[in-house]
Amino acid sequence: MDLTILGGGGFRVPLVYGALLGDRGEGRVTRVVLHDIDAGRLSAVTRVLAEQAAGVPDAPEVSATTDLDEALRGADFVFSAIRVGGPRGRVDDERVALARGVLGQETVGAGGIAYGLRTVPVAVDIARRVARLAPDAWVINFTNPAGLVTEAMSRHLGDRVIGICDSPVGLGRRIARVLGVRPGEAWIDYAGLNHLGWVRGLRVAGRDELPRLLDDPVLLGSFEEGRLFGADFLRSLGAIPNEYLHYYYFNREAVRAYQQADKTRGAFLLVQQRHFYEELSRPEASAYATWDRTRAERETTYMAENRETAGAGEREEDDLSGGYEKVALALMRAIARDERRTLILNVRNRGTLSVLDADAVVEVPCLADANGAHPVAVDPLPGHAAGLVCAVKAVERDVLSAAGSGSRATALRAFALHPLVDSVAVARGLLEDYIAVHPGLAYLR
Ligand code: G6P
Ligand code: MN
């Protein structure tokens, strides 16, 4: 089976390849094609993969190209993990917003809108090419903002594009652990949009175990989201939010912490990643060791400012070893070998969340099999969650429409209507600044 990875020079590709190396089953991936617009990044990552494959019998063969159409032709699966505007673009997304006093983050709030406006046209172009050159391929979208980008691609690929994120699984795993339950035997009732979801229940043998957690301040204080949101608030909510909801529920504190931080997340990664790719351009460098050291540093510092403002401490050991690649591989196996699995994925809603229309991409438990991902019926969202989900989906729809029409007025509406942008005047300033710094937004008129 042939797998094409778009953004193939990206830092997380060795995680995916590592997962492929561990897959010995029938019908596994035997050929990996890496595509990237940057040949230097491709050769750096190719070196890491070569060291990973050393001594592994029948390791998937790896090739690299900067020709997108060539990469897509004949693919059975396409993983799309691109970063439009590169790491520098991420820094600007954050910086512009923070300078105007609102959240600057790659997927949430103003920063997420700017990133979405830049990414959607590129994702749509990819989707159209896949539809033409590899109409039978399944596309697994990792590209952030993942829900929005998956919805953009679904307009051209229908249900053959499925969006993934590791945060719901990580959250479910942490809750299961504090409850002393094996994650595999629990039904995790998670629903919402990407980076905007809630665990409302965790059923074992038909019984909801979540109330046991919500009633116990000690248990609540023993895991990341419990400390991030606080026991009292979680009890009153009756659910455990995805960590990204910290940006909503503690917005002021998060904005202030990000403004005061030495470097934004993007700025930290810009420097870190530049060092990594420079180091790998030296032929004597040990590719895998350098990559792994860099990866560990990246994992331990993830959301550090949020954890610091909340006094939430360090991340847990289990959360430091990746997760994306496991979800992606599980999904790919489910489809390729009809290994039925339940996974939390980004798919078209159909009737799953009653507050949204059928084509809205949502993040919900799905049954995955050879026919793709089928969303499972879930309880309606409680009012507080429905409100946020509808508001953010309306913003996403404005982003999609602005990306399609090039309308600046529609892009302005996206910023102005976002719950984390508190004034139309601020929205105007944001749009102006983003257009000034991002060449990828020149299409807005
Ligand atoms: C989590 C999120 C991803 C995001 C990543 C950011 O895994 O679910 O959507 O890409 O964190 O990590 P970074 O190291 O780039 O800040
Ligand atoms: Mn994610």
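Residues numbered from 1 in each chain as written. Chains lettered and ligands numbered in written order. Predicted model: local features only at pLDDT ≥ 70, side-chain atom pairs only at ≥ 80, totals over all residues. Heavy atoms only, no water.

K.L.:
Honestly, the domain arrangement of the protein chain in this entry has me stumped. Any pointers?
P.N.:
For an interface, size is often stated in terms of accessible area lost upon the parts coming together. Under the domain assignment used here, the protein chain contains domain 1 (2-163), domain 2 (168-249) and domain 3 (252-310). Computed over C-alpha atoms, the centres of domain 1 and domain 3 are 20 Å apart. Opposite the 24 residues of domain 1 that make contact, domain 3 presents 24 residues. Summed over both sides, the interface between domain 1 and domain 3 buries roughly 2,100 Å², with carbon and sulfur atoms accounting for 66% of that surface. Linking domain 1 to domain 3 there are zero salt bridges. There are twelve residue pairs in polar contact (both at pLDDT 80 or more) connecting domain 1 and domain 3. At the level of secondary structure, the elements contributing two or more residues to the side of domain 1 that touches domain 3 comprise helix H1 (13-21), helix H2 (39-53) and helix H4 (86-99). (Domains from an automatic or database assignment. Contact = heavy atoms within 4.5 Å. Buried area = accessible area lost by both parts, 1.4 Å probe. Salt bridge = Lys/Arg side-chain N within 4 Å of Asp/Glu carboxyl O. Polar contact = N/O pair within 3.5 Å; in protein donor to acceptor, adjacent residues only side chain to side chain. Helix = DSSP H or I, 4+ residues; strand = E, 2+ residues; numbered from the N terminus.)

K.L.:
Please clarify how the site of ligand 1 should be interpreted in this entry.
P.N.:
Around ligand 1, a shell composed of 13 residues is seen, among which Arg90, Asp166, Arg265, Arg298 and Tyr324 lie nearest. A distance of 3.2 Å is found between an oxygen atom of ligand 1 and a side-chain nitrogen or oxygen belonging to His195. Side-chain polar atom of Arg298 to an oxygen atom of ligand 1: 2.8 Å apart, as the coordinates give it. Computed on the free molecule, ligand 1 has an accessible area of 390 Å², of which 93% lies beneath the protein chains in the complex. Partitioning the shell around ligand 1 into residue classes produces five nonpolar, two polar and six charged. Inspection of the shell around ligand 1 shows a minimum of three residues originating in each of domain 1 (2-163) and domain 3 (252-310). (Near = heavy atom within 4 Å. Areas by Shrake-Rupley, 256 points an atom, 1.4 Å probe, with all protein chains shown as cover. Nonpolar A, V, L, I, M, F, W, Y, C, P; charged D, E, K, R; others polar.)

K.L.:
Explanation requested: the coordination of the manganese ion (ligand 2) in the structure shown.
P.N.:
As a benchmark, a tetrahedral metal site with four donors has ideal angles of 109.5 degrees, while an octahedral site with six donors has ideal angles of 90 or 180 degrees. For the manganese ion (ligand 2), the full set of protein donor atoms is Cys165 (SG) and His195 (NE2), and the range of their distances to it is 2.3 to 2.4 Å. Placement of the pair is Cys165 in the loop between strand S6 (161-163) and helix H7 (167-179) and His195 in the loop between strand S7 (187-193) and strand S8 (196-204), with a sequence separation of 30 residues. Residue classification places His195 among the buried positions, given a relative accessible area of 5%. (Donors = N, O, S within 2.8 Å, 3.2 Å for Na, K, Ca; no water. Buried < 20%, exposed > 50% of the residue type's maximum accessible area, 1.4 Å probe, protein only.)

K.L.:
Even after reading the chapter, I still don't get the pattern of salt bridges, so can you show me in this structure?
P.N.:
When their charged atoms lie close together, side chains carrying opposite charge are able to pair. Going through the model one piece at a time under the given rule, you end up with 38 salt bridges. For Glu94, the salt bridge is made with Arg90, and the minimal N-O distance between the two is 3.9 Å. One end of the pair is Glu94 and the other is Arg90, both in helix H4 and four residues apart, which spans about a single turn. One exposure class covers both Glu94 and Arg90, and it is buried. With a shortest N-O distance of 3.0 Å, Arg348 and Asp159 are connected by a salt bridge. Of the two residues, Arg348 sits in strand S11 (residues 341-348) while Asp159 sits in the loop between helix H6 (146-157) and S6, which places them 189 residues apart along the sequence. When salt bridges that share partners are traced, they join Glu151, Arg155, Asp357, Lys393, Glu396 and Arg397 into one network.

K.L.:
Help me understand the packing of aromatic side chains, please; the structure alone is not making it clear to me.
P.N.:
To describe a pair of aromatic rings, you give the distance between the ring centres and the angle between the ring planes. What the rule picks out here adds up to eleven aromatic pairs. Where Tyr247 meets Tyr258, the ring centres are 5.9 Å apart and the plane angle is 85°; that geometry is what we call edge-to-face. A residue pair is termed long-range when its members are at least 10 positions apart, and Tyr247 in helix H12 (residues 246-249) and Tyr258 in helix H13 (residues 251-260) qualify at eleven residues. With a relative accessible area of 1%, Tyr247 lands in the buried category. (Phe/Tyr/Trp six-rings, centres within 6.5 Å; stacked < 30°, edge-to-face > 60°.)

K.L.:
Please clarify how the packing of H2 against helix H15 (residues 287-300) should be interpreted in this entry.
P.N.:
When two helices pack together, their arrangement is given by the angle between the helix axes and the distance between those axes. At a minimum axis distance of 8 Å, the contact between H2 and H15 shows a crossing angle of 105°. Put simply, H2 runs roughly perpendicular to H15. For the pair H2 and H15, contact is made by Arg47, Val48, Glu51 and Gln52 and by Ala287, Tyr288 and Trp291, respectively. Class assignment for the residues of the contact of H2 with H15 results in four nonpolar, one polar and two charged. (Axes fitted to C-alpha atoms, helices over the stretch in contact; angles between N-to-C directions. Parallel < 35°, antiparallel > 145°, perpendicular 65-115°, else oblique.)

K.L.:
What is the right way to read the state of the cysteines from this model?
P.N.:
Note: disulfide means a covalent bond formed between the sulfur atoms of two cysteine side chains. Enumeration according to the criterion identifies zero disulfides in this entry. Looking at the unpaired Cys366, the closest cysteine sulfur is the one in Cys165, lying at 13 Å. (Disulfide = S-S within 2.5 Å.)

K.L.:
Explain empty space enclosed by the protein here, please?
P.N.:
Left-over empty space is what a probe sized like a water molecule reveals as it rolls over the atoms. Tallying each qualifying case throughout the model produces four cavities of 30 Å³ or more. The space that makes up the largest cavity amounts to roughly 240 Å³. Around the largest cavity, the lining comprises 19 residues; the ones closest to its centre are Thr107, Val108, Pro145, Val392 and Glu396. For the lining of the largest cavity, the elements supplying multiple residues, two or more each, are helix H5 (109-133), H6 and helix H18 (383-405). Looking at the lining of the largest cavity element by element, the count peaks at four residues for H18. Taken domain by domain, the lining of the largest cavity gets at least three of its residues from each of domain 1 (2-163) and domain 2 (168-249). What the second largest cavity holds in volume is close to 50 Å³. Surrounding the second largest cavity, Thr150, Gly158, Asp159, Val161, Ile162, Asn346, Val347, Arg348, Val361 and Ala373 form its lining. When residues of the lining of the second largest cavity are traced back to their parent elements, those giving at least two are S6 and S11. (1 Å grid on protein atoms, 1.4 Å probe; cavity = no way out; pocket = protein on both sides within 12 Å on 5 of 7 lines; lining within 4 Å. Points joined across faces, edges and corners; volume = space filled by probe spheres on them.)

K.L.:
Explain the nonpolar core here, please?
P.N.:
Across soluble globular proteins, nonpolar side chains show a tendency to be buried alongside one another. Membership of the largest hydrophobic core comes to 105 residues, with the highest contact counts inside it found for Ile175, Leu213, Ile240 and Leu345. The element contributing the most residues to this core is helix H17 (residues 324-337), with nine residues. Filtering out sequence-adjacent residues up to four positions away, Leu213 remains in contact with Ile175, Val178, Leu179, Leu219, Leu220, Phe223 and Ile240. (Core = buried A, V, L, I, M, F, W, Y, C linked by side-chain atoms within 4.5 Å.)

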